[in-house]
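Geometric and topological summary
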Amino acid sequence: MKLEDLNKDNVFKVPDDYFENFPDRMQERIREIKPDRKVRVIRMRTLINIAAAVAVLVVALIGLTRINKETASVDQLLSEISTEELVNYLIDSELSTDEFLENLDMSIIASSEEPITDEFMPSESLDEETIDELLDEYEIELELL
Amino acid sequence: MFARTLYKEKEILKLLKDPESQDLGFRQLVLAYQQRLYWHIRKMVIDHDDTDDLLQEVFIKVWKNIDKFREDSNLFTWMYKIATNECLNFLKRNKNQFKVSMEDSNGALYNKLDSSPYISGTAVQMKLQKALLKLPDKQRLVFNMKYFDDMKYEEISKITETSVGSLKASYHLAVKKIEEYIKLD
């Protein structure tokens, strides 16, 4: 038997009205897909917003880093000044002892690695009389301490 | 509601590219090509429900990728190519899923020929269909396009991206195999 002797009739069939209904079904499928495109647009907008926010953060971080650097350089400059020079400056300034004590961060003194042994803070123990004299001189009332 | 008039390829493309007329363009596209694509897929996957699923996938791919379509090429050839790839991938997936041997690779399709609804033909016609399932999928594809759809080798070459010489050789080999099978049976 040769192939050319066979008829080419289609053995496959389709349900009734299949091709009549298919375009409507297809249109329905496309409607389901369409919101995807909108979501994609929204996502794109969100991405742009995120990018803008990141850019602002980066700028802010750069700014903060610079400020920190400036602060660090002030600290560095201060560290180069000797304690004696600082004390002399404070004596010459109009800052009263009370004001000075009020604004002093005691934790810095407590944590200081530098031994406080200059003439203002003698290392040897003081007798009561000397302490009273010093307190009178600096006008500090005992209860304050 | 949309008109039932069949639009020409260029008109359909124009409608599809304009967001205002996309829906009308898509409907015209489906109306114009649904039958030819359906029969192309059906001959490969045999079952109506599988064909229906694949046909929808083909049109969805067309819808999603219409922007990438080059207007200097033929829209139907492009769609035929998408449908062909969908068919071959589907058959490959099924074979991997059922882990059938290469010799019996189309066994599941063979069973569908006997059991699926919407299939009816004379004994000789059914014998031919069963003989076709003995061919490798790509050779069966070439045979279908040449024998049933009466397509030119040049056209098949564009769809399958195979040279005309290879296609001619493949078709003649397929005819020989089928005639032997029919004789033996």
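Residues numbered from 1 in each chain as written. Chains lettered and ligands numbered in written order. Predicted model: local features only at pLDDT ≥ 70, side-chain atom pairs only at ≥ 80, totals over all residues.

Moving on, we get to the overall build of chain A. Broken down by element type, chain A carries 5 helices and 0 strands. The proportion of buried residues among the 145 residues of chain A is 1%. (Helix = DSSP H or I, 4+ residues; strand = E, 2+ residues; numbered from the N terminus. Buried ≥ 20, exposed ≤ 12 C-beta atoms within 10 Å, placed from the backbone.)

The number of helices and strands found in chain B is 9 helices and 0 strands. In chain B, the succession of α and β elements from N to C terminus is α-α-α-α-α-α-α-α-α. A buried classification covers 29% of the 185 residues belonging to chain B. Of the contacts made within chain B by residues no fewer than 6 positions apart, 57% connect residues no fewer than 24 positions apart. (Contact = placed C-beta atoms within 7 Å.)

A few words now on the packing of helix H2 (residues 22–45) of chain B against helix H3 (residues 48–65) of chain B. All names here are of chain B. One can describe the packing of H2 onto H3 by two numbers: an axis separation of 9 Å at closest approach and a directional angle of 135°. Considering their axes alone, H2 and H3 lie oblique with respect to each other. Our pair here, H2 against H3, has a crossing hand that is right-handed. Contacts between H2 and H3 involve Phe26, Leu29, Val30, Gln34, Leu37, Tyr38, Ile41, Arg42 and Val45 from the former and Asp50, Thr51, Leu54, Leu55, Val58, Phe59, Val62 and Trp63 from the latter. Classifying every residue of the contact of H2 with H3 by side-chain character gives 13 nonpolar, 2 polar and 2 charged. (Axes fitted to C-alpha atoms, helices over the stretch in contact; angles between N-to-C directions. Parallel < 35°, antiparallel > 145°, perpendicular 65-115°, else oblique. Left-handed = near helix turned anticlockwise from the far one by under 90°. Nonpolar A, V, L, I, M, F, W, Y, C, P; charged D, E, K, R; others polar.)

Before going further, it helps to spend a moment on the interface of chain A and chain B. Each partner contributes residues to the interface: chain A has 19 residues there, and chain B has 27 residues. Taken together, the residues of the side of chain A that touches chain B break down into 13 nonpolar, 1 polar and 5 charged.

What follows is about unusual backbone geometry. The phi torsion of most residues other than glycine is negative, and most of the peptide bonds are trans. Residues and elements named next belong to chain B. Here Ile46, not a glycine, exhibits a phi torsion of approximately 70°, which is positive. Counting through the fold element by element, Ile46 comes out in the loop between H2 and H3. Overall, Ile46 belongs to the buried group, with 23 C-beta atoms counted inside 10 Å. Positive phi is not limited to glycine here, since Asp150 has a value of about 55°. Inspection of the secondary structure assignment puts Asp150 in the loop between helix H7 (137–148) and helix H8 (153–160).

Now for the nonpolar core. Side chains that are nonpolar tend, in soluble globular proteins, to be buried together. Residue and element names in this part refer to chain B. Within the largest apolar cluster, 35 residues are counted, with the highest numbers of intra-cluster contacts made by Val30, Leu37, Ile41 and Val58. The dominant element in this core, judged by the number of residues it contributes, is H2, at 9 residues. Three or more residues apiece are contributed to this core by two domains, here domain 1 (11–119) and domain 2 (121–185). Not counting residues up to four positions away in its chain, the partners in contact with Ile41 are Thr51, Leu54, Leu55, Ala83 and Cys87. (Core = buried A, V, L, I, M, F, W, Y, C linked by C-beta atoms within 7 Å. Domains from an automatic or database assignment.)

This paragraph deals with H7(B). Residue and element names in this part refer to chain B. Relative to the 16 Å expected for 12 residues at 1.5 Å per residue, H7 spans 16 Å between its end C-alpha atoms, a close match to the ideal helical length. Within H7, burial applies to Arg140, Leu141, Val142, Phe143, Asn144, Met145, Lys146 and Tyr147. Looking one or two places after H7, you find Asp150, whose phi comes out positive at around 55°. (Expected span 1.5 Å × (residues − 1).)

Right, let's get into the environment of Asp149(B). Residue and element names in this part refer to chain B. Relative to the elements of secondary structure, Asp149 occurs in the loop between H7 and H8. For Asp149, a count of 15 C-beta atoms within 10 Å puts it in the partly exposed group. On a C-alpha basis, the gap between Asp149 and Arg36 in space is 9.1 Å, while along the polypeptide they are 113 residues apart.

Residue and element names in this part refer to chain B. One can describe the packing of helix H1 (residues 9–17) onto H2 by two numbers: an axis separation of 6 Å at closest approach and a directional angle of 145°. Considering only the axes of H1 and H2, their crossing is left-handed. Residue-level contacts link Ile12, Leu15 and Leu16 of H1 to Gln22, Leu24, Gly25, Phe26, Gln28, Leu29 and Ala32 of H2. Split into classes, the residues belonging to the contact of H1 with H2 amount to 7 nonpolar, 3 polar and no charged.

A separate point is the confidence of the model for chain B. Detail in the predicted coordinates should be disregarded across regions flagged by low pLDDT. Per-residue confidence for chain B averages 88 on the pLDDT scale, and 91% of its residues sit at or above 70. Here residues 1–5 of chain B is modelled with pLDDT under 50, and outside its nearest four sequence neighbours on either side it reaches 2 contacts, counting other chains as well. (pLDDT = per-residue confidence, 0-100.)

Examined against the element boundaries, Asn106(B) turns out to sit in the loop between helix H4 (75–98) and helix H5 (107–115). Overall, the presence of 24 C-beta atoms within 10 Å leaves Asn106(B) in the buried class.

This paragraph deals with the confidence of the model for chain A. Averaged over every residue, the pLDDT of chain A is 70; residues scoring 70 or more account for 50%. Summarising per-element confidence for chain A, the mean pLDDT is lowest in helix H4 (residues 106–111) of chain A (56) and highest in helix H1 (residues 18–79) of chain A (74).

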